[in-house]
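Chain by chain, the residues:
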Amino acid sequence: MLLTAVVLIVAVALIFDFINGFHDAANSIATVVGTRVLSPNLAVAWAAFFNFIAAFGGGVKVANTMGKGIIDFEMLRAQGSEAVLIVIFSALMGAIAWNLLTWWWGLPSSSSHALAGGMIGATLPVLGFNGLVGSGIGKIAAFIVLSPLIGMTLGTVMMLASTWSVHRQTPLKVDTWFRRLQLVSSAIFSYSHGTNDAQKVMGIIAVVLYGTIWKDRPFEITTWMILSCHAAIAMGTFFGGWRIVKTMGHSLTKLAPIGGFAAETGGGVTIIALAKLGIPVSTTHTITGAIVGVGSTRGWRAVKWGVAGRIIWAWVFTIPAAALMAVLVYGVSRLVVMALS
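Residues numbered from 1 in each chain as written. Predicted model: local features only at pLDDT ≥ 70, side-chain atom pairs only at ≥ 80, totals over all residues. Heavy atoms only, no water.

### Side note on the overall build of the protein
Piece 1. If you tally the helices and strands in the protein, you get 13 helices and zero strands.
Piece 2. Helices (α) and strands (β) of the protein occur, in sequence order from the N terminus, as α-α-α-α-α-α-α-α-α-α-α-α-α.
Piece 3. In the protein, buried positions account for 58% of the 341 residues.
Piece 4. When contacts within the protein are restricted to residue pairs at least 6 apart in sequence, long-range pairs at least 24 apart make up 87% of them.
Piece 5. Surface exposure of the protein reaches about 13900 Å², of which carbon and sulfur atoms provide 72%. (Helix = DSSP H or I, 4+ residues; strand = E, 2+ residues; numbered from the N terminus. Buried < 20%, exposed > 50% of the residue type's maximum accessible area, 1.4 Å probe, protein only. Contact = heavy atoms within 4.5 Å. Areas by Shrake-Rupley, 256 points an atom, 1.4 Å probe, with all protein chains shown as cover.)

Printed below as a string of structure tokens:
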């Protein structure tokens, strides 16, 4: 019975990973589609490939942060296998519900922060505030603000540097060069998406396994976790979320290939660097900041701040909304377990 429950929740975690890729596909391909460098079908295939390739160089520091840096893993494990399973199931379902709602609304919210919010909400009824790791949550909360600012800064710098480097060239040559270079920059960003987002689910799967059937083993992220999570997120990206592509690639600001290159490179470098530090950040927040930074180099009116404002509101509400949904799922799950026992 326990093994069946563990397998089912690991499957739910991989479904979340798939939905993460589906939901965040826009982040990986919005600029390359918006600039018409690649067709949507080719763009998602390109992005999915680099999402998976990140399995072979992304590391597992973010996975360890998600597994042991948001909730007190040892305290949760001490509550028993049933508590571990219900908490993680509730966290995943809360995050999935919020992801699907924001996908439907066309808002590029953060799957990462939805998952963090789900974990916080599901843990509170079991362990209270003592079961939360304040330093880890504080780090995630800080980078809700910092990651888009870093992305915006690097996007702006990349745009200014790129523009200066080709200021004596004809517009046709510039467009031709950067259409080719944008294939590289979109690959960088898709790789970065895999390094950060796929690792978060690895951490969740590790909590489930080492909190239940592998209690006697040391906590670690194994090869099969890495490969399965990267495969799931790559498949999700391949099937893409076109509602959000429109917002990110067209509604926020108008991008030429040089701007798409600057935004993707700035956002991708930011995410890869933070993944190496073990900091779970939002690819959504970071690429949005980079796109805004690129657009603002043409003047503040080049950015549609009303659209940006809607995106910011989605950021603000993601953690508490996912936490609330996780609490509701937890309550229902407890009732079901009590009825069956």
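Read on for the rest.
### Some remarks on the layout of surface pockets
Piece 1. Taken as a whole, the largest pocket holds about 470 Å³ of empty space.
Piece 2. Here the lining of the largest pocket gets six residues from one element, more than from any other, and that element is helix 1 (residues 2-34). (1 Å grid on protein atoms, 1.4 Å probe; cavity = no way out; pocket = protein on both sides within 12 Å on 5 of 7 lines; lining within 4 Å. Points joined across faces, edges and corners; volume = space filled by probe spheres on them.)

### Quick word on the packing of helix 7 (residues 134-165) against helix 11 (residues 257-276)
Piece 1. In the contact formed by helix 7 and helix 11, the axes pass within 8 Å of each other and the chain directions differ by 140 degrees. In this view, helix 7 runs oblique relative to helix 11, as classed from their interaxial angle. Remark: the crossing between helix 7 and helix 11 carries right-handed chirality. Two secondary-structure elements touch here, helix 7 through Phe143, Ser147, Ile150, Gly151, Leu154, Gly155, Met158, Met159, Ser162 and Thr163 and helix 11 through Ile258, Gly259, Phe261, Ala262, Thr265, Gly266, Val269, Thr270 and Leu274.
Piece 2. Residues belonging to the contact of helix 7 with helix 11 are distributed by class as follows: ten nonpolar, nine polar and no charged. (Axes fitted to C-alpha atoms, helices over the stretch in contact; angles between N-to-C directions. Parallel < 35°, antiparallel > 145°, perpendicular 65-115°, else oblique. Left-handed = near helix turned anticlockwise from the far one by under 90°. Nonpolar A, V, L, I, M, F, W, Y, C, P; charged D, E, K, R; others polar.)

### Some thoughts on the side chain of Glu264
Piece 1. Position of Glu264 relative to the elements: it lies in helix 11.
Piece 2. Although Glu264 lies buried, it forms no salt bridge, and the closest oppositely charged side chain, Arg179, sits 11 Å away as judged by the N-O distance.
Piece 3. A distance of 2.5 Å separates a polar atom in the side chain of Glu264 from a polar atom in the side chain of Ser185. (Lys, Arg positive; Asp, Glu negative; His and termini not counted. Salt bridge = Lys/Arg side-chain N within 4 Å of Asp/Glu carboxyl O. Polar contact = N/O pair within 3.5 Å; in protein donor to acceptor, adjacent residues only side chain to side chain.)

### Side note on the pattern of salt bridges
Piece 1. As enumerated under the stated definition, the model contains four salt bridges in all.
Piece 2. Salt-bridge contacts for Arg179 lead to Asp175; the nearest nitrogen and oxygen are separated by 3.0 Å. Linking Arg179 with Asp175, this pair stays in helix 8 (residues 171-210), spanning four residues, or about one helical turn.
Piece 3. Lys200 is paired through a salt bridge with Asp197; the nearest N and O atoms lie 3.0 Å apart.

### Re the side chain of Thr123
Piece 1. Positionally, Thr123 belongs in helix 6 (residues 111-127).
Piece 2. Separated by 2.6 Å, the side chain of Thr123 and the backbone oxygen of Met119 make a polar contact.
Piece 3. Leave out the neighbours within four places in its chain, and Thr123 touches Ile71, Val87, Gly128, Gly131 and Leu132.

### Here we look at helix 7
Piece 1. Here helix 7 spans 45 Å end to end across 32 residues, near enough to the 46 Å set by a 1.5 Å rise per residue.
Piece 2. Phe143 marks where helix 7 bends most, by close to 40 degrees.
Piece 3. Taken as a whole, helix 7 has its buried residues at Gly136, Ile140, Phe143, Ile144, Ser147, Pro148, Gly151, Gly155, Met159 and Ser162. (Expected span 1.5 Å × (residues − 1). Bend = angle between axes of the 7 residues up to and from the residue.)

### What about the packing of aromatic side chains?
Piece 1. By the definition in use, this model includes nine aromatic pairs.
Piece 2. Seen from their ring centres, Phe49 and Phe50 are 5.0 Å apart, and the 85 degrees between their planes marks the pair as edge-to-face.
Piece 3. With a relative accessible area of 48%, Phe49 lands in the partly exposed category.
Piece 4. For Phe50, a relative accessible area of 18% gives the class buried.
Piece 5. Judged by centre distance (5.8 Å) and plane angle (80 degrees), the ring pair of Phe52 and Phe56 falls under edge-to-face.
Piece 6. The class for Phe52 is partly exposed, based on a relative accessible area of 29%.
Piece 7. A relative accessible area of 62% means that Phe56 is categorised as exposed. (Phe/Tyr/Trp six-rings, centres within 6.5 Å; stacked < 30°, edge-to-face > 60°.)

### Notes on the confidence of the model for the protein
Piece 1. With 87% of its residues at a pLDDT of at least 70, the protein reaches an overall mean of 85.
Piece 2. Per-residue pLDDT, averaged within each element of the protein, yields its smallest value for helix 10 (residues 242-251) (50) and its largest for helix 4 (residues 73-78) (93). (pLDDT = per-residue confidence, 0-100.)

### Points about the environment of Ile213
Piece 1. Looking at where Ile213 falls in the secondary structure, it is placed in the loop between helix 8 and helix 9 (223-239).
Piece 2. Separated by 210 residues in the primary sequence, Ile213 and Leu3 have C-alpha atoms spaced 7.2 Å apart.
Piece 3. Those residues in contact with Ile213, other than ones at most four positions away along the chain, are Leu2, Leu3 and Val6.

### Things to note about the packing of helix 2 (residues 40-53) against helix 8
Piece 1. It is at 7 Å that the axes of helix 2 and helix 8 come closest, and there the two elements cross at 45 degrees. On the basis of their axis angle, the class for helix 2 and helix 8 is oblique. Judged by the sense of rotation from one axis to the other, the crossing of helix 2 with helix 8 is right-handed. Contacts from Trp46, Ala47, Phe50, Asn51 and Ile53 of helix 2 reach helix 8 at Leu183, Ser186, Ala187, Ser190, Tyr191, His193 and Gly194.
Piece 2. Residue classes in the contact of helix 2 with helix 8 are distributed as seven nonpolar, five polar and no charged.

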